[in-house]
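# Chain and residue survey
Chain residues, written in single-letter form:
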Amino acid sequence: MFTTFFTSLKKAEIPVSMKEYLTLLEAVKQGVANYSIDDFYFLSRATLVKDERHIDRFDQVFGYCFQGLEALDDLFGAEIPDDWLRAMAELNLSEEEKARIEALGGWDALMETLKKRLEEQKGRHQGGNKWIGTAGRSPFGAYGYNPEGVRMGQHEGRNRSAVKVWDRRDFRNLDDTVEIGIRNMKVALRKLRRFAREGVETELDLDGTISSTARNGGLLDIRMVPERRNAINVLIFFDVGGSMDPYVRVTEELFSAARSEFKHLEYFYFHNCPYETMWKDNRRRHIERVPTWEVLHTFPENYKCIMVGDASMSPYEITVAGGSVEHMNPEPGAQWIQRIRSHFHRCVWLNPTDPKYWGYTRSIEMVSELMEERMYPLTISGLEDAIRELKS
């Protein structure tokens, strides 16, 4: 187990030495990690990572090597406490939050059933189809399958069909310094540019100077003009986290290309579906949010709006008040999508999912309908189609 971890770090070009590896083993042997995966993560990171630039790659390797382990006694050489592996199975909603839940019959039934399960269940369950547990077909739990469920105590989704996720998750900001692998993405974005001369006159107008000097009987008459700039204003909304994790690379490439091509570029993040708030920094998204109404009032209708996301979520998130996987939203996501689309004269949705799978996900079809079929694949050809729509 540890050997695989060590070799994987080497393959990821993280400079780890044999001495550091042996130090980690000794610390684990002495019980420093204390049977906690969080403690073990920070212990191994402190022992093996010497440069902050390698932390992100370390996180990816750590997740690859240790995520979803069934038996961790081999890891620590002792029996793991049962409650450490037990999935979180408590629903803590305030009376105010409960009063705000206005949903369809299926949502109400799901929440009522969850409440009964919590009252009846006395212990941990594995592989079943009724109780709150793991690796089963119950609507409630982790690492299993149910077309409409409440994910509880699971690191990330597998089937992407959970109605609620009772976990706090932290996302990473997109890196706008990533080098573009396919230069055509920049070329496609350039087609959206529209140049104009605005502002202070700082450049010599050679043709104007010659013409004015000629009309002035040969006496030099210098003419100046404002710098020629791209006058297009672009606003991008990025879906981040969850089912978008596999598409981080291509999304970062789009972000980098847009940053280099547009002087007037603004961006915000959302998760799954736009709701009443958005944020600029994923590391502080729980404490620093911007009301979506404020965004719409700040940026005028002439901004070109681009929404980027896989649109893969529970339909409840789109159609039901309180259907968000992370909070009790007072209004359904569909209403916010319509408001955004109506505010901006030109608005498109870029979807990194392969278009051949769109028809198999009801939420993608719903978002496409809300966008009046202005959903395009996040490919070079799809980007070119989206640019034509934004320019029309």
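What this report covers is the structure whose coordinates are included nearby.

## Remarks on the overall build of the chain
If you tally the helices and strands in the chain, you get 16 helices and 14 strands. Here the chain, with 392 residues, has 46% of them falling under the buried criterion. Looking at the chain as shown, the accessible area adds up to about 21,000 Å², and 48% of this sits on carbon and sulfur atoms.

## Remarks on the sheet that holds strand β8 (residues 233–239)
Spatially, the five strands line up as an open sheet ordered β9-β8-β12-β13-β14, and their pairing is parallel. A strand with exactly one partner marks an edge of an open sheet, and here the two such strands are β9 (264–270) and β14 (375–377). Adjacent strand axes in the sheet meet at a mean angle of 25° when their direction is disregarded. Here five bridges tie strand β12 (residues 304–308) to strand β13 (residues 346–351), and the two strands are oriented parallel to one another.

## Some details on the nonpolar core
For soluble globular proteins, the rule of thumb is that nonpolar side chains tend to be buried together. If you look at the biggest cluster of nonpolar residues, it comprises 30 residues, and the most contacted ones within it are F237, I340, F344, W349 and V367. Among the elements that make up this core, the one with the highest residue count is helix α15 (residues 362–370) (four residues). Those residues in contact with F237, other than ones at most four positions away along the chain, are F268, F270, M278, V295, C305, I306, M307, V308, I340 and F344. Core analysis: the next-biggest nonpolar cluster, separate from the first, contains 25 residues, V240, Y376, L378 and A386 among them.

## Focus: helix α11 (residues 248–261)
Taking 1.5 Å of rise per residue, the 14 residues of α11 would be expected to cover 20 Å, and the 20 Å separating its terminal C-alpha atoms lies within 8% of that figure. Within α11, burial applies to T251, E252, E253, L254, F255, S256, A257, A258 and E261.

## What about the state of the cysteines?
When the sulfur atoms of two cysteines share a covalent bond, that bond is a disulfide. Scanning the entire structure with this criterion turns up zero disulfides. As a non-bridged cysteine, C347 has C305 as the owner of its nearest cysteine sulfur, 3.4 Å distant.

## Examining the packing of helix α3 (residues 37–48) against helix α4 (residues 55–66)
A pair of packed helices is characterised by two quantities: the angle between their axes and the separation of those axes. Packing of α3 against α4 brings their axes to within 11 Å, and their N-to-C directions diverge by 135°. Between α3 and α4, the angle falls in the class oblique. Of the two elements, α3 crosses α4, and the hand of that crossing is right-handed. Within the contact between the two elements, α3 uses I37, F40, Y41, S44, R45 and L48 and α4 uses I55, F58, D59, F62 and F66. Per-class residue counts for the contact of α3 with α4 are eight nonpolar, one polar and two charged.

## Here we look at the pairing of β9
Remember that side chains alternate between the two faces of the sheet whenever the strand is regular. The buried count for β9 comes to five of seven residues, which makes it a mostly enclosed element. For the segment spanning β8, α11 and β9, crossover handedness is right-handed.

## Considering unusual backbone geometry
For N272, which is not glycine, the phi dihedral falls at a positive 70°. Secondary-structure assignment places N272 in the loop between β9 and β10 (277–278). Judged by its relative accessible area of 6%, N272 is buried. Not every positive phi belongs to a glycine, and E373 is a case in point at roughly 65°. Relative to the helices and strands, E373 is located in the loop between α15 and β14. On the basis of relative accessible area, E373 is assigned to the exposed category, the value being 52%.

Procedures and definitions
Starting afresh in each chain, residues are numbered from 1 along the sequence in its written order. Note on the predicted model: pLDDT of at least 70 is required for a residue's local features to be given, and 80 or more for side-chain atom pairs to be given and counted; whole-chain, interface and lining totals, by contrast, use all residues. For side-chain calculations, the full set of non-hydrogen atoms in the structure is used, while hydrogens and water are omitted. Helix numbers and strand numbers start at the N terminus; a helix is a DSSP run of H or I with at least 4 residues, a strand a run of E with at least 2. Buried means the residue's accessible area, taken with a 1.4 Å probe over protein chains only, is under 20% of the maximum for its type, while exposed means over 50%, and partly exposed covers the values in between. Using the Shrake-Rupley algorithm and a 1.4 Å probe, accessible areas are obtained, with residue cover drawn only from the displayed protein chains. Strands were regarded as paired on the criterion that DSSP finds at least two bridges between them. For helices, the fitted line uses only the C-alpha atoms of the stretch in contact; every axis is such a line through C-alpha atoms, and the angle between N-to-C directions lies from 0 to 180 degrees. Nine residue types can take part in a nonpolar core, namely buried Ala, Val, Leu, Ile, Met, Phe, Trp, Tyr and Cys, and a core is a set of them joined through side-chain atoms within 4.5 Å. Residues are treated as being in contact if the distance between any of their heavy atoms lies within 4.5 Å. Take the residue count of a helix, subtract one, and multiply by 1.5 Å to get its expected span. Put simply, a disulfide is two cysteine sulfurs that come within 2.5 Å. Here the angle decides the label: under 35 degrees means roughly parallel, over 145 means roughly antiparallel, 65 to 115 means roughly perpendicular, and every other value means oblique. Crossing handedness: left-handed means the near helix sits turned counterclockwise from the far one by under a right angle, and right-handed means the same turn made clockwise. Side-chain classes follow a simple rule in which Ala, Val, Leu, Ile, Met, Phe, Trp, Tyr, Cys and Pro form the nonpolar group, Asp, Glu, Lys and Arg form the charged group, and the remainder, Gly included, forms the polar group. Crossovers are marked right-handed if the path from the first strand over the helix to the second runs clockwise, as seen with the strands pointing away from the viewer.

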